[in-house]
Amino acid sequence: MTVHNLYIFDRNGACLHYSEWNRKKQAGISKEEEFKLMYGMLFSIRSFVSKMSPLDIRYKLHYYETPTGVKVVMNTDLGVPNCRDILHQIYSTLYVEYIVKNPLCPLGESLRSELFNSRLDSFIKALPFFSARAG
């Protein structure tokens, strides 16, 4: 089991942060275009969730949205259990502590905090299902 990547979007769809760990394939498009596609997919899923049936996919998308509209998205392999609590922890203990409470990190802009990046990386790598050798 492993974590492939993680996105954090603001309420307007701007990608505030992106990290990847065990991503084997690249999308073949720019990161900015990938961010737009991911957010568009989230918007569509949210709009049509009551009409959609589960798709047969080879990864699992975990999604957490805060009351303020911040969206945290993590892709894992299929063996990873529900990560809602983990995404909430990323938001409340990392994003809020190292970004929201940091006057040097303007909200609504790309996250440029090495402390946030290193703490997030350590947090993800400490998860019981993280594997650096994902297959």
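Report on the accompanying structure. (Residues numbered from 1 in each chain as written. Predicted model: local features only at pLDDT ≥ 70, side-chain atom pairs only at ≥ 80, totals over all residues. Heavy atoms only, no water.)

A closer look at the overall build of the protein chain
- Secondary structure summary: the protein chain contains 3 helices and 4 strands in total.
- Reading the helices (α) and strands (β) of the protein chain from amino to carboxyl end gives β-β-α-β-β-α-α.
- Buried residues in the protein chain amount to 42% of all 135 residues.
- Considering only contacts in the protein chain between residues 6 or more positions apart, those separated by 24 or more positions represent 52%.
- When the accessible surface of the protein chain is split by element, carbon and sulfur atoms take 55% of a total near 8400 Å². (Helix = DSSP H or I, 4+ residues; strand = E, 2+ residues; numbered from the N terminus. Buried < 20%, exposed > 50% of the residue type's maximum accessible area, 1.4 Å probe, protein only. Contact = heavy atoms within 4.5 Å. Areas by Shrake-Rupley, 256 points an atom, 1.4 Å probe, with all protein chains shown as cover.)

A word on the packing of aromatic side chains
- Tallied over the full model, the rule gives 7 aromatic pairs.
- Measuring from centroid to centroid gives 6.1 Å for Tyr 7 and Phe 35, while their planes differ by 90°, and the two rings are edge-to-face. In this pair, Tyr 7 is assigned in strand S1 (residues 3-9) and Phe 35 in helix H1 (residues 31-48), connecting sequence segments 28 residues apart.
- For Tyr 7, a relative accessible area of 2% corresponds to the buried category.
- Geometrically, the ring pair formed by Tyr 91 and Tyr 95 is stacked, given 5.5 Å between the ring centres and 25° between the ring planes. One end of the pair, Tyr 91, and the other, Tyr 95, are both in helix H2 (residues 84-100), 4 residues apart, so they sit about a helical turn from each other. (Phe/Tyr/Trp six-rings, centres within 6.5 Å; stacked < 30°, edge-to-face > 60°.)

Description of the pairing of strand S4 (residues 71-76)
- Burial analysis of S4 places 6 of its 6 residues in the buried class, the great majority of the element.
- Side chains of S4 alternate between two faces, with Lys 71, Val 73 and Asn 75 and Val 72, Met 74 and Thr 76 buried alike.
- As paired strands, S1 and S4 are joined by 6 bridges and run antiparallel to one another. Within S4, the residue paired with Phe 9 across the bridge is Lys 71. (Pairing = 2+ DSSP bridges.)

Some points on helix H3 (residues 114-125)
- The end-to-end C-alpha distance of H3, which contains 12 residues, comes to 16 Å, matching closely the 16 Å that a straight helix rising 1.5 Å per residue would cover.
- Of all the positions in H3, only Phe 116, Leu 120, Phe 123 and Ile 124 are classed as buried. An end-on view of H3 places all buried positions within 95° of arc, on one side of the element.
- If you follow the buried residues of H3, they end up packed against S1, strand S2 (15-20), S4 and H2. (Expected span 1.5 Å × (residues − 1). Arc of directions from axis to C-beta.)

Looking at the sheet that holds S4
- Strand order in the open sheet formed by 4 strands is S2-S1-S4-S3, with antiparallel pairing between adjacent strands. The sheet is open, and its two edges are formed by S2 and strand S3 (60-65), each paired on a single side. Taking each pair of neighbouring strands and ignoring which way they run, the sheet shows an average axis angle of 10°.
- In this fold H2 packs onto S1, S2, S3 and S4, with an angle of close to 50° to the strand it touches most, S3.
- Strands in contact with H3 are S1, S2 and S4; relative to S2, the strand with the most contacts, it is inclined by about 45°. (Axes fitted to C-alpha atoms, helices over the stretch in contact; angles between N-to-C directions.)

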